[in-house]
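# Chain and residue survey
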Amino acid sequence: MYHAANPVREFDAAAPRRRERALEDLEGGFARWRLAWALARGDITHRYRGSVLGPFWLTISTGVMLTALGILYAKLFKMDVASYLPWLSVSLIVWAVISQVVTDATTSLTGAEGVIRQMPLPYTVHALRVVFRNAVVAAHNLPLIFVVFAVFGVMPSWTVVLAIPGLLLLGVAGFAASIFLGMICARFRDIPPIVGSVMQIAFFVSPVIWKPEMVGHWEPFLPINPFFALMETIRAPLMGTTGGIVVWLTAVFWTGVLAALAWTFFARFRGRIAFWV
Amino acid sequence: MALVDVAGLAIEFPLYHHNARSLKQRILASSPLRLKKDEDNRIVVAALRDLTFRIGNGERVALVGPNGAGKTTLLRTIAGVYEPVAGTLRVEGEIGSLIDPAAGMDPLLTGRENVVLRALYRGLTEADGRALADEVAGFAGLGEFFEVPIRGYSAGMSVRLSFAMATAMTPSILLMDEWFLAGDSDFMKKAETRLSKLVTDAEILIIATHDMSIVRKWCTRAIRLEGGRILADGTVDEVLGAETVT
C-alpha cells in the first residue's frame, strides 16, 4: 500500500560525490519540513508538559525581566523610562532570539544523536528543526513588543513590515549556523562552552542595552559586528526607521559568509557526522 | 527487484572523544587486533573489513557471529547510516529497518502519534500517517494502549508497535536486529506469518541474531562474521553445520 518506487542507493568510497550528496541532503531535508516542524513543536510542548500556561511562560518571564531591567537601567543611564523602555524591550527580545538560535545551533546534531545513529535521514532536517523551534519561541516573545508599545503609546510606523525580511534573514543565518556549529560542535566538544562565552561577551559589546549613538564616532564601524547587523535589520524597522542600506548590506554579507562556510563544511564532512555524534 | 550488493566494504570508527595519546601508548604498540592508526594518525576501530557479498531477491539472510563481530554495524551501513571508508555499496529497494526499536520514537507521544511521526520520518504526509496508524493498530494488537504515551509500554509492547510499524510500510528490504524476539508467543506467530508473507513477495530479509533456531527456521542463507570479516557465507546448513542447536 505504501510501496515506494524502487529507490536505488549507491555509494563508492573511491568516488564519494560529496557535493551531490550534500545537495540531495538539502533537498531531502526541505522535502521533510513537515517532520522538522512536528519535531520542533514536540520540543516546545514537551518542555512545558503538564504546565497550565505552557509556552506562555516564555512570554511572562520575558515580560517580568523587561519591567525590572527597564526601570533599573533608566535610572542607571539617567534616561527617561518612556523613551528607553520601548527601545530596550525590542533590543532584549530580538537579542534573546538571536542568542537562543546560536546556543541551539551548537546542539543541533549532538542532540539528535539517537536518530542519527539509527536511521538514515537528511541531516538538514535537524538544522531545520532548530530554526522552527526558535521561530515558535520567537512567536511567543515578539508580540510583547507591541504590548510595550501600547503601554507607552508608541505608534509603530510602516517600516514594521521591513522586520519580516529581517526575521527571514535571521532564519537563513540560523539554518546555516545550525549546520556549521552543529557539525564542529559534534566533532570538537569544547566548542559549545566557547560559543557560550562568546555570546555573553557579544551581548555586552553589541548595542543591546546601550544605544548605538553612545559610541560616538565609532558608530559607522558597528556593522563589522555581525550580531549588530543582524539585530538591526529587525530592531530598526520595529523602532520606526529602515536601519539604512549599510546595515542591510552587511547583514546579507555576514549571512552569506556563514552560509558559504556551512556549505563548504557540510559538503566536505557530511559523511563523517554519523561517526562524530 | 531488491538487491544488496557490497564489494570490498570497510567501516572504521575513529575513537574521537578519548585521550588518544595515552590510548595509543597503552594499546597500539602491542595490538594486532582491530585497533589501528589510519593515514591521519587517528586511532580507529576497524568495524568491518573488506566485506564482499551479494544478496538478491527472495533471500533470507542471517548474520551470525559473536558480540562485536560487526553485525549491527553492517545492518546500519546497509540502511545508509554510516558511509564506508572503502569499497562500494549498492542497495536497490525501499529499506525498512528494525535495528533499534526506540529510534525515532517520542516516549511522550501515544502509540498512534508515534506512527504518524514515523510516517513523517519516512517522508510521508500526516494524512498518510493517520491511515497507516489504523493499519498498525490492527496488527500490533495493543488495544486501548495504542492511545497511551509509549513511555508506559512494556518492552514487549514497544516491540509489537515497532514491528507493526516497520512491516506495515512493506519495505522491499527488511533489516532486523534480534531484539524483536521479545514479543510473546502469540505475537511471534503473527510476526512469523507476516514475515513469511514479506519474504514470499520476493523481498530481502537480513537479520542479525544469536538464536540458531531462528536462523534454521527462517533463513535460507547465513553469513558468519567475526572481527569484522566474513568467515563463512553459504546456506544455513553449510555455515551452521557443525553447530548443535541450542
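Residues numbered from 1 in each chain as written. Chains lettered and ligands numbered in written order. Predicted model: local features only at pLDDT ≥ 70, side-chain atom pairs only at ≥ 80, totals over all residues. Heavy atoms only, no water.

Chain B has the name ABC transporter ATP-binding protein in an unreviewed UniProt entry, where Neoroseomonas oryzicola is given as its organism.

Going by the annotation in an unreviewed UniProt entry, the name recorded for chain A is ABC transporter permease, with Neoroseomonas oryzicola given as the source organism. Quoted verbatim from the Subcellular location (unreviewed entry) field of UniProt, the annotation for chain A is "Cell membrane". (UniProt positions renumbered as here; feature names shortened; annotations may be inferred.)

In this section: the overall build of chain A. Assigned secondary structure in chain A consists of 12 helices and 1 strand. Order of helices (α) and strands (β) in chain A, N terminus to C terminus: β-α-α-α-α-α-α-α-α-α-α-α-α. Against the compact-globule benchmark of 19 Å for 277 residues, chain A has a radius of gyration of 21 Å, which places it among compact chains. Structurally, chain A occupies a C-alpha span of about 65 × 45 × 35 Å along its principal axes. Considering chain A as a whole, with its 277 residues, one finds that 51% of them fall into the buried category. (Helix = DSSP H or I, 4+ residues; strand = E, 2+ residues; numbered from the N terminus. Rg over C-alpha atoms; globule rule 2.2 N^0.38 Å. Buried < 20%, exposed > 50% of the residue type's maximum accessible area, 1.4 Å probe, protein only.)

Listed per partner, the contact involves 37 residues of chain A and 53 residues of chain B. Applying the counting criterion to the chain A and chain B interface returns 3 salt bridges. Among the elements of the structure, strand S1 (8–12), helix H2 (33–47), helix H5 (113–116), helix H8 (163–187) and helix H12 (273–276) of chain A are those that each provide at least two residues to the side of chain A that touches chain B. Residue classes in the side of chain A that touches chain B are distributed as 20 nonpolar, 5 polar and 12 charged. (Contact = heavy atoms within 4.5 Å. Salt bridge = Lys/Arg side-chain N within 4 Å of Asp/Glu carboxyl O. Nonpolar A, V, L, I, M, F, W, Y, C, P; charged D, E, K, R; others polar.)

What follows deals with the nonpolar core. Judged by nonpolar contacts, the single largest core of 110 residues is most densely connected at Ile273 of chain A together with Val4, Phe53, Leu74, Ile78 and Ile206 of chain B. Among the elements that make up this core, the one with the highest residue count is helix H4 (residues 81–106) of chain A (14 residues). Every residue in contact with Phe53 of chain B, bar those within four places of it in the chain, is listed here: Val4, Asp5, Val6, Leu74, Ile78, Arg221, Ile223, Ile230 and Asp233 of chain B. Core analysis: the second largest hydrophobic core is formed by 41 residues, Phe146, Leu161, Phe163 and Leu205 of chain B among them. (Core = buried A, V, L, I, M, F, W, Y, C linked by side-chain atoms within 4.5 Å.)

What follows concerns the side chain of Asp177 of chain B. Residue and element names in this part refer to chain B. Position of Asp177 among the secondary structure elements: in strand S7 (residues 173–177). Look at Asp177: it is buried, it has no salt bridge, and the nearest opposite charge is Arg76 at 6.4 Å. Looking at Asp177, its side chain comes within polar contact range of the side chain of Thr72, at 2.9 Å. In this structure Asp177 touches Thr72, Leu75, Leu98, Ile99 and Ala208, once residues within four positions along its chain are discounted. (Lys, Arg positive; Asp, Glu negative; His and termini not counted. Polar contact = N/O pair within 3.5 Å; in protein donor to acceptor, adjacent residues only side chain to side chain.)

Attention shifts here to empty space enclosed by the protein. Under the definition given, this model contains 2 cavities of 30 Å³ or more. Space inside the largest cavity adds up to approximately 50 Å³. Lining the largest cavity, in full, are Pro16, Arg18, Arg21, Ala267, Arg268, Phe269, Arg270 and Gly271 of chain A together with Glu83 of chain B. Among the secondary structure elements, those contributing two or more residues to the lining of the largest cavity are helix H1 (18–31) and helix H11 (245–269) of chain A. With 3 residues, H11 of chain A is the largest single contributor of residues to the lining of the largest cavity. Of the residues assigned to the lining of the largest cavity, the class counts are 3 nonpolar, 1 polar and 5 charged. A volume near 40 Å³ is recorded for the second largest cavity. Along the walls of the second largest cavity sit Ser108, Leu109, Tyr123, His126, Ala127, Ser178, Ile179 and Met183 of chain A, which together make up its complete lining. Secondary structure elements with two or more residues in the lining of the second largest cavity: helix H6 (124–141) and H8 of chain A. (1 Å grid on protein atoms, 1.4 Å probe; cavity = no way out; pocket = protein on both sides within 12 Å on 5 of 7 lines; lining within 4 Å. Points joined across faces, edges and corners; volume = space filled by probe spheres on them.)

Our next topic: the side chain of Arg160 of chain B. All names here are of chain B. Structurally, the position occupied by Arg160 is in helix H5 (residues 155–168). Residue Arg160 is classed as buried on the basis of its relative accessible area, which comes to 15%. Beyond its immediate stretch of four places on either side in the chain, Arg160 contacts Ala140, Gly141, Leu142, Asp184 and Phe187.

Right, let's get into the UniProt feature "domain: ABC-2 type transporter transmembrane" (unreviewed entry) in chain A. In this structure's numbering, the residues bearing the UniProt feature "domain: ABC-2 type transporter transmembrane" (unreviewed entry) are residues 36–236 of chain A. The span residues 36–236 of chain A is 71% helix and 0% strand, and its two end C-alpha atoms sit 31 Å from each other.

Here the focus is H1 of chain A. Residue and element names in this part refer to chain A. The terminal C-alpha atoms of H1 lie 20 Å apart, and with 14 residues this matches the ideal 20 Å at 1.5 Å per residue to within 8%. For H1, the set of buried residues is Arg21, Ala22, Asp25, Gly28 and Gly29. Projected down its long axis, H1 carries its buried residues within an arc of 125°, all on one side. For H1, the exposed residues set more than 90 degrees away from the buried face come down to Arg19, Glu27 and Ala31. Considering only its buried residues, H1 is in contact with S1, H2, H6 and H11. (Expected span 1.5 Å × (residues − 1). Arc of directions from axis to C-beta.)

As a further point, take the packing of H4 of chain A against helix H7 (residues 143–152) of chain A. All names here are of chain A. In the contact formed by H4 and H7, the axes pass within 9 Å of each other and the chain directions differ by 175°. Considering the angle they form, H4 stands roughly antiparallel to H7. Of the residues in H7, those in contact with Val81, Ala82, Leu85, Pro86, Ser89, Val90 and Ile93 of H4 are Leu144, Ile145, Val148, Phe149 and Phe152. (Axes fitted to C-alpha atoms, helices over the stretch in contact; angles between N-to-C directions. Parallel < 35°, antiparallel > 145°, perpendicular 65-115°, else oblique.)

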